Amino acid sequence: MSSGPTGGGGENTIYFVLVGAACLGGGVYAYRTISGDKVRYEDRITELASRSTKPSIQSLTPAEKPTQSTEAVSETAKEPVDEADPPIAEPIQEALPDSVLEPVQEDVVEEVTPTEPEAVTEAPAIEEVLETPVSQAVLEGPTLEAVPQDPAPNVALEAPALEAAPEEPALEAVPEPILEAPTPESEPVPEAPVPEVVPEAVSEKEPLVAEALVAEAVSAAEPPPAATAESVSEPPPVTERAAEAEPSPAPTAAPAEPSPALPEFPGHAPYLLIGGGTASFAAARSIRARDPGARVLIVTEEDDLPYMRPPLSKELWFSDDPIVIETLHFKQWNGKERSIYFQPPSFYVSPAELESVENGGVAVLTGKKVVHMDVRGNKVKLNDGAEISYDKCLIATGGIPRNLQVIERAGEEVTNRTTLFRKIEDFKALEKVSRELKSITIIGGGFLGSELACALGRRSAELGLEVVQMFPEKGNMGKVLPEYLSNWTTQKVKKEGVTVLTESVVKKVSFNDGRVEIKLKDGRVVKTDHIVAAVGLEPSVELAKSAGLEVDSDFGGFRVNAELQARSNIWVAGDAACFYDIKLGRRRVEHHDHAVVSGRLAGENMTGARKPYWHQSMFWSDLGPDVGYEAIGIVDSSLPTVGVFAKATPKDTPKAATEQSGTGIRSESETEAVAGAVAVGTASPPPPTQQKEDYGKGVIFYLRDKVVVGIVLWNVFNRMPIARKIIKDGEEHSDLNEVAKLFNIHED
């Protein structure tokens with residue numbers, strides 16, 4: 001329909017005149033052929049004329065007032081005719097006999113010819129008289145409306161279609177009846193006054209048929225249908241809504257009934273992964289690889305998407321980017337830049353859309369903690385009371401950083417100045433503290449404590465920061481490395497600008513005069529602004545009680561079988577899993593590589609693989625870009641060790657290793673590598689005489705019952721498959737110097 005202004009206009013006037021002429025012709029024919037009682041017709045007109053004209057005029061829109069020309073009125077009358085559905089009009093026209101249709105068309109044409117726009121305009125009095133009864137009829141109801149309106153069957157049937165709408169806008173259809181009255185007045189030969197019966201039946205029972213008949217008659221009388229359709233939009237919007245009463249509810253209903261809001265997360269997940277760390281992400285990726293349409297939901301207490309933890313204590317601290325705490329992008333030792341996150345947000349599906357997405361996906365529900373697990377009901381409860389059911393579940397809750405009891409008892413002032421380093425938010429907080437405060441003390445001499453000490457020590461000169469590290473062992477990583485290598489490492493840490501206090505046991509911690517005081521068992525007192533407690537990890541097994549799962553009393557963590565199963569549809573992976581190693585017995589490992597491999601295997605078994613966990617996971621630690629080591633198996637300084645060392649070269653550094661492998665997360669390049677048969681005694685130059693305290697690079701073997709159970713590769717990289725193969729074979733070696741040749745440590 002046209003979108004132009006409502007009311008008159010040149011085109012509208014012509015349109016109204018043509019439609020009026022058609023209606024007049026139809027009325028003449030109707031009264032000739034159907035009505036033969038002229039007296040009855042005149043009585044009816046007199047009755048209608050005697051009614052008040054006020055209501056009709058008020059009910060009409062400005063476009064239909066008597067002050068306008070009859071041309072505009074006739075054009076308005078034709079509007080509903082164009083609205084008739086053409087597909088319905090065609091079958092009805094076929095059903096009607098030719099004898100009925102042909103005369104109607106002839107009479108309509110005859111009446112159209114004399115009825116010119118000027119002639120109609122000259123009779124305003126008649127127009128007023130017509131408007132009065134028609135408006136009155138509209139107000140009375142559909143039946144009365146149709147009576148004056150139906151001089152011709154076609155025109156009479158159209159009115160009920162328009163008036164069928166019960167709403168007030170139906171009054172706008174009055175323009176059609178307006179044309180009825182002039183027809184009988186001007187035509188002296190009405191024949192059959194039966195219009196009342198026809199409209200009643202049609203208006204109430206067959207509105208669609210009426211529309212079809214009207215469209216049929218008009219199409220015969222009006223040659224240019226294109227102009228008719230174009231000008232229909234000119235009448236007021238109210239008439240449009242009345243004529244389109246039936247189709248209009250559909251579009252208006254859509255906005256009126258908003259679609260129900262999607263839940264924040266699904267109530268059921270075929271694969272539910274508890275924990276958002278490395279093990280969960282590896283499991284999700286494995287599940288999707290074996291089941292491309294799988295729907296996987298990860299629930300994590302953290303506010304971040306799955307990310308890798310090693311850079312938090314390694315590469316991020318050596319970044320030159322001043323906004324590294326915001327971007328969390330870092331340069332690896334090989335110079336390549338990457339993000340700490342495994343995948344960008346676009347990789348994941350929204351939890352609210354997980355159930356509806358076509359090909360499944362991985363969704364991460366952040367900021368939610370599973371606090372209760374109903375194993376029998378296959379559902380979990382979140383900290384906000386919501387419940388999620390599952391088909392298969394993975395527990396990968398990781399661990400919680402341990403704290404010293406003396407710090408916990410020291411009070412709020414001390415705990416507020418203590419960092420338990422584990423998450424992204426801990427890195428951000430400590431990085432900020434290192435720039436704002438003057439002194440930081442690290443308690444702990446293991447992997448994490450030594451890495452953070454070296455990282456902060458390198459900043460100490462630039463920032464004017466005092467960095468102190470204390471631990472009860474005789475040297476850095478004293479629980480892992482043999483004593484001689486631990487002492488060498490301690491000297492390396494000191495060269496980084498760190499004050500190292502060995503054999504230091506914390507007795508008491510307090511807050512005095514705006515600073516934290518750490519009193520040692522030997523009487524020494526250290527004053528500092530901030531404490532970093534790096535004293536180990538406690539496996540997170542809070543769900544064991546509600547789930548009825550077994551916790552290992554020796555190593556901690558959920559006890560699982562060789563397939564990492566705790567129940568038929570529950571698996572455990574990562575730091576929280578205490579698994580049985582077919583070579584080394586029951587173990588629990590807290591390293592990145594173990595999280596990757598155990599998570600991947602758990603995901604495969606959740607999709608039906610039923611594979612045992614035989615992998616010997618590795619771990620690594622870097623004391624800056626120049627010194628690093630990789631280890632596998634049981635590396636415990638209390639075991640007998642044999643070390644074979646050689647002089648290091650410029651390529652024997654973590655930086656050179658990552659440049660060669662192309663990745664800063666070295667376990668990613670080692671996980672799938674498998675060494676061939678280990679052939680001891682391969683041709684290699686004889687090992688040079690070892691120089692005292694020259695530990696540039698080498699291999700340290702850890703023995704139990706003369707069998708190698710652990711290996712440390714000191715500044716020797718990309719040789720982990722060989723070490724894994726030696727431990728897997730579990731053979732007794734009489735000369736470990738020959739075994740060391742397998743690692744090519746004597747090659748330049």
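Here the structure is shown first, and the text comes after it.
Predicted, not measured: the structure shown is a model, and the values here were computed from it.

> Where do I start with the pairing of strand E12 (residues 466–470) in this structure?
Every regular strand shows the same layout, with side chains that alternate between the two sheet faces. For E12, the tally of buried residues reaches 4 of 5 residues, placing the bulk of the element in the interior. Taken together, the 5 bridges between strand E11 (residues 439–443) and E12 define a ladder with parallel strand orientation. Paired with Ile440 across the strands is Val467, a residue of E12. Taken together, E11, helix H24 (residues 447–463) and E12 form a β-α-β motif whose crossover is right-handed.

> What's the story with the nonpolar core in this structure? I'm lost.
Among soluble globular proteins, nonpolar side chains are generally buried collectively. With 102 residues, the main nonpolar core has Leu272, Met373 and Ile388 as its most contacted residues. Setting aside residues no more than four positions away along its own chain, Leu272 makes contact with Leu297, Val299, Val380, Ile388, Tyr390, Lys392, Cys393 and Leu394. One finds Ile632, Val699, Val716 and Ala740 within the second-largest nonpolar core, a separate group that totals 23 residues.

> Hey, could you run me through the packing of aromatic side chains in this one?
One pair of aromatic rings is described through two measures. These are the centre distance and the angle between the planes. What the rule picks out here adds up to 15 aromatic pairs. Taken together, the ring pairs in this structure connect Phe447, Trp488, Phe619, Tyr629 and Trp714 into an aromatic cluster. Across the ring face of Trp614, the terminal group of Lys728 is positioned such that the distance to the ring centre comes to 4.7 Å.

> Hey, could you run me through helix H18 (residues 278–290) in this one?
Each α-helix turn comprises 3.6 residues. Residues three or four places apart therefore point the same way. For H18, which comprises 13 residues, the first-to-last C-alpha distance of 19 Å matches the rise-based estimate of 18 Å (1.5 Å per residue) to within 8%. When H18 is considered as a whole, its buried residues turn out to be Thr278, Ala279, Ser280, Phe281, Ala282, Ala283, Ala284, Ser286 and Ile287. Those residues of H18 hidden inside the fold are in contact with strand E1 (268–274), strand E2 (295–299), strand E5 (361–365), strand E8 (387–395) and helix H27 (592–606).

> Explain a nonpolar patch on the surface to me, please; I cannot follow it from the model alone.
Where nonpolar side chains cluster on the molecular surface, the patch consists of Tyr580, Ile582 and Trp614 and spans about 340 Å² of accessible area. Tracing the sequence through the fold places Ile582 in the loop between strand E22 (577–581) and strand E23 (585–587). For Ile582, a relative accessible area of 56% gives the class exposed.

> What am I meant to see in the sheet that holds strand E16 (residues 525–528) here?
Either a parallel or an antiparallel arrangement is found when strands of a sheet pair, and the pairing is made through backbone hydrogen bonds. Strand order in the open sheet formed by 3 strands is E14-E15-E16, and the pairing between neighbours is antiparallel. For this open sheet the edge positions go to strand E14 (506–512) and E16, each flanked by a neighbour on one side alone. Between one strand and the next, the sheet's axes are offset by a mean angle of 20°, whatever the strand orientation. Note that E14 and strand E15 (residues 515–520) share 6 bridges and pair antiparallel. Opposite Phe511, over in E15, you have Val516 as the bridge partner.

> Please explain the side chain of Ser460 as it appears in this structure.
The topology assignment puts Ser460 in helix H24. If sequence neighbours within four positions are ignored, Ser460 has contacts with Leu465, Val467, Glu496 and Gly497.

> What is the right way to read a positive patch on the surface from this model?
Judged by side-chain charge, Lys507, Lys508, Lys519 and Lys521 come together as a positively charged surface patch. In this fold, Lys507 is placed in strand E14. The class for Lys507 is exposed, based on a relative accessible area of 53%.

> What am I meant to see in the sheet that holds strand E19 (residues 558–559) here?
Taken in spatial order, the 3 strands make up an open sheet running E19-E22-E23, and their pairing is mixed. The sheet is open, and its two borders are formed by E19 and E23, each paired with just one other strand. Bridging between E19 and E22 involves 2 bridges; their strand directions are parallel. Looking at the pairing, Phe558 lines up with Ala577 of E22.

> When you look at the packing of H18 against H27 in this model, what are you seeing that I'm missing?
Two numbers describe a pair of packed helices, the interaxial angle and the distance between the axes. Look at H18 against H27: their axes get within 7 Å of each other, and the N-to-C directions meet at 35°. By crossing handedness, the relation of H18 to H27 is classed as right-handed. Across the interface between the two elements, Thr278, Ala279, Ala282, Ala283, Ser286, Ile287 and Arg290 of H18 pack against His592, Ala595, Val596, Gly599, Arg600, Gly603, Glu604 and Met606 of H27. Residue classes in the contact of H18 with H27 are distributed as 7 nonpolar, 5 polar and 3 charged.

Quick notes on the rules
Residues numbered from 1 in each chain as written. Predicted model: local features only at pLDDT ≥ 70, side-chain atom pairs only at ≥ 80, totals over all residues. Heavy atoms only, no water. Buried < 20%, exposed > 50% of the residue type's maximum accessible area, 1.4 Å probe, protein only. Helix = DSSP H or I, 4+ residues; strand = E, 2+ residues; numbered from the N terminus. Pairing = 2+ DSSP bridges. Right-handed = clockwise from strand over helix to strand, strands pointing away. Core = buried A, V, L, I, M, F, W, Y, C linked by side-chain atoms within 4.5 Å. Contact = heavy atoms within 4.5 Å. Phe/Tyr/Trp six-rings, centres within 6.5 Å; stacked < 30°, edge-to-face > 60°. Lys NZ or Arg CZ within 6 Å of the ring centre and 35° of its normal. Expected span 1.5 Å × (residues − 1). Patch = residues over 30% accessible without salt bridge, like charges linked within 9 Å, V, L, I, M, F, W, Y side chains within 5 Å. Areas by Shrake-Rupley, 256 points an atom, 1.4 Å probe, with all protein chains shown as cover. Salt bridge = Lys/Arg side-chain N within 4 Å of Asp/Glu carboxyl O. Axes fitted to C-alpha atoms, helices over the stretch in contact; angles between N-to-C directions. Lys, Arg positive; Asp, Glu negative; His and termini not counted. Charge placed at Lys NZ, Arg CZ, Asp CG, Glu CD. Left-handed = near helix turned anticlockwise from the far one by under 90°. Nonpolar A, V, L, I, M, F, W, Y, C, P; charged D, E, K, R; others polar.

Structural measurements only, silent on function.
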